[in-house]
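In case you want the letters, here they are:
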Amino acid sequence: MGQDQTKQQIEKGLQLYQSNQTEKALQVWMKVLEKGSDLVGRFRVLGCLVTAHSEMGRYKEMLKVDIPSQGAMGGPGGYARPGNRAGWLLNPRLPCSFLRILYLTGWWLVLSAYYPRGQFAVVQIDTARELEDADFLLESYLNLARSNEKLCEFHKTISYCKTCLGLPGTRASAQLGGQVSLSMGNAFLGLSLFQKALESFEKALRYAHNNDDTMLECRVCCSLGSFYAQVKDYEKALFFPCKAAELVNDYGKGWSLKYRAMSQYHMAVAYRLLGHLGSAMECCEESMKIALQHGDRPLQALCLLCFADIHRSRGDLETAFPRYDSAMSIMTEIGNRLGQVHVLLGVAKCWMARKVLDKLSQLKLHCLSEGIYRSKGLQRELRTHVVRFHECVEETELYCGLCGESIGEKNSRLQALPCSHIFHLRCLQNNGTRSCPNCRRSSMKPGF
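Going by an unreviewed UniProt entry, the protein chain carries the name 43 kDa receptor-associated protein of the synapse and comes from Neotoma lepida. Word for word, the UniProt comment on the protein chain under Sequence similarities (unreviewed entry) is "Belongs to the RAPsyn family." Per UniProt, the comment on the protein chain under Function (unreviewed entry) is "Postsynaptic protein required for clustering of nicotinic acetylcholine receptors (nAChRs) at the neuromuscular junction. It may link the receptor to the underlying postsynaptic cytoskeleton, possibly by direct association with actin or spectrin."

S.K.: With reference to specific residues and values, describe the overall build of the protein chain.
M.R.: The helix and strand inventory of the protein chain stands at 20 helices and 2 strands. Out of the 448 residues in the protein chain, the part that is buried amounts to 50%. For the protein chain, contacts bridging at least 24 residues in sequence account for 55% of all contacts bridging at least 6.

S.K.: Explain the UniProt feature "repeat: TPR" (unreviewed entry) in the protein chain to me, using residue names and the numbers behind them.
M.R.: Summarizing the sequence annotation, UniProt attributes the feature "repeat: TPR" (unreviewed entry) to residues 178-211 in the numbering used throughout. Note that residues 178-211 is 88% helix and 0% strand, and that its end C-alpha atoms are spaced 9 Å apart.

S.K.: Help me get a handle on the nonpolar core, residues and values and all.
M.R.: Counting 89 residues, the largest nonpolar core has Phe201 and Val220 as the members making the most contacts within it. Core analysis: the second largest hydrophobic core is formed by 14 residues, Leu16, Tyr17, Leu33 and Cys48 among them.

S.K.: Got a sec to walk through the pattern of salt bridges? Specific residues and values, please.
M.R.: Taken as a whole and assessed by the stated rule, the structure comprises 6 salt bridges. Here Glu153 ties to Arg337 by a salt bridge, and the two come within 3.4 Å at their closest N and O atoms. Here Glu153, found in the loop between α7 (134-150) and α8 (154-166), pairs with Arg337, found in helix α17 (residues 337-354); they are 184 residues apart in sequence, far enough to count as distant. For Glu153, a relative accessible area of 29% puts it in the partly exposed group. Judged by its relative accessible area of 43%, Arg337 falls in the partly exposed class. One salt bridge connects Lys236 with Asp233, and the closest N-O pair in it is separated by 3.3 Å. Looking at Lys236, the relative accessible area reads 37%, which means it is partly exposed.

S.K.: Break down helix α2 (residues 22-35) for me, with residues and values.
M.R.: Taking 1.5 Å of rise per residue, the 14 residues of α2 would be expected to cover 20 Å, and the 20 Å separating its terminal C-alpha atoms lies within 8% of that figure. Those residues of α2 that fall on the buried side of the exposure criterion are Thr22, Ala25, Leu26, Val28, Trp29, Met30, Val32 and Leu33.

S.K.: A description of helix α10 (residues 194-210) should follow, citing residues and the corresponding values.
M.R.: Under the 1.5 Å per step criterion, the end-to-end length of α10 is 24 Å for 17 residues, consistent within 8% with the ideal 24 Å. Listed in full, the buried residues belonging to α10 are Phe194, Ala197, Ser200, Phe201, Ala204, Leu205 and Ala208. Buried residues in α10, looked at end-on, bunch into an arc of 140°, giving them a common side. Exposed residues lying more than 90 degrees from the buried face of α10 are Gln195 and Asn210. Asp212 occupies a position one or two residues after α10 and carries a positive phi of about 50°.

S.K.: Describe the environment of Glu130, and please don't skip the residues or the numbers.
M.R.: Position of Glu130 relative to the elements: it lies in helix α6 (residues 117-131). Along the backbone, Glu130 and Leu39 are 91 residues apart, and their C-alpha atoms lie at a distance of 8.8 Å.

S.K.: I'd like to hear about the packing of aromatic side chains, residue by residue, with values.
M.R.: The final tally for this structure, using the stated rule, is 6 aromatic pairs. Considering the side-chain rings of Tyr141 and Tyr160, the 6.3 Å spacing of their centres and the 35° angle between planes classify their relative orientation as tilted. Linking Tyr141 in helix α7 with Tyr160 in helix α8, this pair joins segments that are 19 residues apart in sequence. In this structure Tyr141 comes out as buried when scored by relative accessible area, which is 11%.

S.K.: Tell me about unusual backbone geometry, and please be specific about residues and values.
M.R.: In this structure, Ser192 is a non-glycine residue whose phi angle is positive, near 60°. Counting through the fold element by element, Ser192 comes out in the loop between α9 (173-190) and α10. In this structure, Lys232 takes a positive phi of about 65° despite not being glycine. With respect to the helices and strands, the residue Lys232 is situated in the loop between α11 (214-230) and α12 (234-251).

S.K.: Quick one: what's the story with the environment of Glu11, residue by residue and with numbers?
M.R.: Within the fold, Glu11 resides in helix α1 (residues 3-18). Residue Glu11 is classed as partly exposed on the basis of its relative accessible area, which comes to 43%. Placed 17 residues apart in sequence, Glu11 and Val28 show a C-alpha to C-alpha distance of 9.7 Å.

S.K.: Can you tell me about the packing of helix α13 (residues 258-274) against helix α15 (residues 297-314), naming the residues and giving the values?
M.R.: Two numbers describe how α13 lies on α15: the axes approach to 10 Å, and their chain directions differ by 20°. Taken together, the axes of α13 and α15 lie roughly parallel to each other. Considering only the axes of α13 and α15, their crossing is left-handed. Judged by residue contacts, Ala261, Tyr265, Ala268, Val269 and Arg272 of α13 engage Leu299, Leu302, Cys303, Cys306, Asp309, Ile310, Arg312 and Ser313 from α15. In terms of residue class, the contact of α13 with α15 is made up of 9 nonpolar, 1 polar and 3 charged.

S.K.: Please provide a residue-by-residue account of the side chain of Asp309, values included.
M.R.: Tracing the sequence through the fold places Asp309 in helix α15. Residue Asp309 is classed as buried on the basis of its relative accessible area of 12%. With near-sequence residues (within four places) excluded, Asp309 lies in contact with Arg272, Tyr324 and Gly346.

Thresholds applied
- Residues numbered from 1 in each chain as written.
- Predicted model: local features only at pLDDT ≥ 70, side-chain atom pairs only at ≥ 80, totals over all residues.
- Heavy atoms only, no water.
- UniProt positions renumbered as here; feature names shortened; annotations may be inferred.
- Helix = DSSP H or I, 4+ residues; strand = E, 2+ residues; numbered from the N terminus.
- Buried < 20%, exposed > 50% of the residue type's maximum accessible area, 1.4 Å probe, protein only.
- Contact = heavy atoms within 4.5 Å.
- Core = buried A, V, L, I, M, F, W, Y, C linked by side-chain atoms within 4.5 Å.
- Salt bridge = Lys/Arg side-chain N within 4 Å of Asp/Glu carboxyl O.
- Expected span 1.5 Å × (residues − 1).
- Arc of directions from axis to C-beta.
- Phe/Tyr/Trp six-rings, centres within 6.5 Å; stacked < 30°, edge-to-face > 60°.
- Axes fitted to C-alpha atoms, helices over the stretch in contact; angles between N-to-C directions.
- Parallel < 35°, antiparallel > 145°, perpendicular 65-115°, else oblique.
- Left-handed = near helix turned anticlockwise from the far one by under 90°.
- Nonpolar A, V, L, I, M, F, W, Y, C, P; charged D, E, K, R; others polar.

Okay, structure coming up:
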C-alpha cells in the first residue's frame, strides 16, 4: 500500500469513526498497519488507534491475534514471550531499521495484537525517532501521557508531559502545548494537587485563546468544572461546563459528538451538587445517549455513577445501588481506579442514608471514608468523618480509658475487667492500678 492509498484509507477510517461506525473504522486502520509501508501513514494510524481505544475504554481488548509459540520471534528465548512486552522493541542495541522490517513483513499486526493501548503509544515514539521528526516525537509523547492519564497513572502522566515540554521548539509545540498542559492539569487534579492543577488549566486556556482553539477551550472548561466541583464551588462547577456547551453550540457543527456529551455530563454533576436534580437527570440522559451511540465506555461509566448519585440524592436508594454496581463493573473493566473510589464513596453514603446500620458498622464506614478522603487530600470531608468516627467511638464506648485510643480499629490484645469495662492489656500492665480506671471498682478479681 503506497503513500497516497494510505492517506485515503486513513481518511476513510476517520469518516467512519466520526459517523459512529467505530468497528469499521478500526478494521480500516488495522488493514493500513498490515499492508502499508509508509512510516508517516503508520504513525498517523497509530495516533488514530490510540484515540479510538481511549474513547471506548478498550485498554485490555487489543488481543486480536495469538503470537506464534515457535519461529524467529516466538520461540524459546524469543522476543515475543509474555513478560518481555515491549522491552525488546525499545532495546537501544537494535538497529532502527528493525522497525521498518516489522512494518514491511506484516509482523506489525502480530505485535500490535499483544500490546495494550499504552504500548501503541510507546511504539509510536520509536516510529517518530526513526523518522527523526521532532513534531511527531512531541505528539507521540503526548499520546503516551494521555494513555497513562486514562489508566490513572498520574505520576507517569506528569513525567511524560514534562518530557513534552522539555523537547526543543517545534512547529507543533504551539498547537499541542495547550493539550500537554491540560493533560498535566488533569493528572494534578487526580492527585489532589489543586494549585498545580489550576495553574496547568489556566495555561491550557491561554494556549486555546492565543491559537483560537475552541475545541481545546471546550475540554479545559469541562476540566475546570470538575476542579471546582471537587473544591466545592458549585456555581463555578456549573459555569464552566455551560461555557463548554455554548462553544459546542456555536462552533461544534463539525466536531465529534463527544464534546457535547462531555459538557452535558459535567453540567449534570454540577446540577446535582446544587440540588437541581431534574436538570441533572436531563443532562445526564443526553450525555448517556451519545455515549451509547459512540460506544464511549468510560463516559457510560461516569453517567451511571452520576445517575446513581442523583437517585441517592432523591432518597431512592434501591434504584441507586444497581447503578453503582453497573458503574463499578465498567470502571473495573476499563481500569479507572479513581472512578472506582468514587463509586465506593457513593455506596458508603447510601448505607449511611439508610440509617439501619448498627453502630459498629457505622464506625467502620466512617473509618473507611476517613482513609479514602485522607488519601485524596480532601480535608473538609476528612474532618467530617473524623468527627463522626469519634462520636461513634464514644457512643459505643469502644475506647481505652487509659490511652484514649479506639478499640476495634486494629488488632490488639484486650482485657475485660469484672465491671465489663475493656482496656488494652498493655495499658493495664503499665498502669498497675488495682481498680478500674473508668468506674474505680476493684479489679482484683481477674477479668476474662
